[in-house]
Amino acid sequence: MHDIKWIRDNPEAFDAAMTARKVEMTAQRLIDIDADRRRLMTEHQEMLARRKSISGEIGKLRQSGGNADDLMAEMGTLKDRIRDAEDGQAGLNEQLDLLLSSLPNVMDADVPAGENEDDNVEVRKWGTPGSFDFQPLEHFEIGDKLGMMDFETAAKLSGSRFVILRSGLAKLERALGQFMLDLHVNEHGYEETITPMLVRDDAMFGTGQLPKFAEDSFRTTNDMWLIPTSEVTLTNQVAGEIIDEAALPLRYTALTQCFRSEAGSAGRDTRGMIRQHQFSKVEMVSVVAAEKSNEELDRKTRCAETVLERLGLPYRTVVLCSGDIGFAARKTFDIEVWLPGQGKYREISSCSNTGDFQARRMNARYRAAGDKKTSFVHTLNGSGLAVGRCLIAVMENYQQADGSIRVPDALKPYMGGVEVISPRG
């Protein structure tokens, strides 16, 4: 959500920000609507004051036996004008709020310019992709050989873009989620949280899913939303709150199921688990003071990278360009894991600083000790990690010629002693 006062004070900066986002919106259009709104507000206040004055004059005239007909006529006219002004204000407020809430965040100055994901800039790389003395398979081929990844039965139950995991793969996915939670809680200082997976409109609005991206999520028949990520529930915990600065930073993590309609992804990643309607993910959310958010973004990204390093999975980290960055983000680092079956790096985590963009939508603020003034918090989110995609990466990087999968050392304590997942005989 944008601050109209900032836009009035910085029209050129706003126009440059929207141009970088390829959004056709000018500061002047918003300023004109705001000017009309404020003019009506002033007129409304003046008419209310005049109505109060007339009321007093009428009372005095009646007490003295004077004629108040002209004042009564003016009072009747004022009543209609006041109602029109109130209706006009409401309409302009709604129009301005809708426009401001539909515009993407202003990007950091150091976000690279670009058109799409091909223009993202690599900032670091870790690990060396392993070599195989056989042709490495993609995860769905490995899963088929193992007899533990069932898309056909899932489709019978729910349609396309669903999967049933069985036996060793089901256990491996559960182990991955537990491992990630333990790492983020015990070493990275996040508070483990269990949240609802159904939310109201205002929660989806607060983190930027509504109104612009309604088609990307699933809505129930009683007007609830299945969360596309627990960023929605973790971040909205501070909605409407004023937090003591001494309590910051707040860091939350949760392992939840996530639900996405994948609107507009027809034909993309149709085979396998890369792009599913339902998937599990460990999310990390931070709520910090304004001056700490850039530092927190770097910290959060390192937390996500550490998961891959502990699992021995090669990755690269890129900063997203202006043409690929998300709606609510000010700056984003994507982490891409190496998939030998595909022979390429694929996204497994996005870590974003939204600045005060979400906080304004949620009215989430903080106050320094002894200070009467409040400021909007800054919120950040990141995948730590997408569990299904991490399962894919483990399967492909740890596959063996006989179709089995070696269990990474970091996961062995979670696998009950299982060191190799072998095909079902």
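A brief report on the enclosed structure follows. (Residues numbered from 1 in each chain as written. Predicted model: local features only at pLDDT ≥ 70, side-chain atom pairs only at ≥ 80, totals over all residues. Heavy atoms only, no water.)

**Brief notes about the pattern of salt bridges**
Phase 1: Inspection of the entire model under this criterion finds 27 salt bridges.
Phase 2: Residues Asp 34 and Arg 37 are paired through a salt bridge, measuring 2.4 Å at the closest nitrogen-oxygen approach. Highlighted residues: Asp 34 and Arg 37, both in helix 3 (residues 27–64), separated by 3 residues, approximately one helical turn. Both residues of the pair, Asp 34 and Arg 37, count as buried.
Phase 3: Linking Glu 309 and Arg 302 is a salt bridge whose minimum nitrogen-to-oxygen distance equals 3.0 Å.
Phase 4: The class of Glu 309 is partly exposed, set by a relative accessible area of 22%.
Phase 5: The structure contains a network of salt bridges with shared partners spanning Arg 8, Asp 34, Arg 37 and Arg 38. (Salt bridge = Lys/Arg side-chain N within 4 Å of Asp/Glu carboxyl O. Helix = DSSP H or I, 4+ residues; strand = E, 2+ residues; numbered from the N terminus. Buried < 20%, exposed > 50% of the residue type's maximum accessible area, 1.4 Å probe, protein only.)

**A few points about the sheet that holds strand 14 (residues 375–376)**
Two strands in a sheet stick together by hydrogen bonds in their backbones, pointing the same way (parallel) or opposite ways (antiparallel).
Phase 1: Strands sit in the order 7-13-14 across an open sheet of 3 strands; the sheet is mixed. At either end of the open sheet lies a strand with only one pairing partner, and these are strand 7 (242–244) and strand 14.
Phase 2: Both strand 13 (residues 365–367) and strand 14 contribute to a ladder of 2 bridges, which runs antiparallel. Within strand 14, the position partnered with Tyr 366 by the bridge is Ser 375. (Pairing = 2+ DSSP bridges.)

**As for the sheet that holds strand 4 (residues 191–192)**
Phase 1: Read across the open sheet, the 8 strands follow the order 1-10-11-12-15-9-8-4; overall the sheet is mixed. Unpaired on one side and paired on the other, strand 1 (121–126) and strand 4 mark the two borders of the sheet.
Phase 2: As judged from the 3 bridges shared by strand 12 (residues 344–353) and strand 15 (residues 378–386), these two strands associate in the antiparallel manner. Across the sheet, residue Cys 351 finds its bridge partner in strand 15, namely Gly 382.

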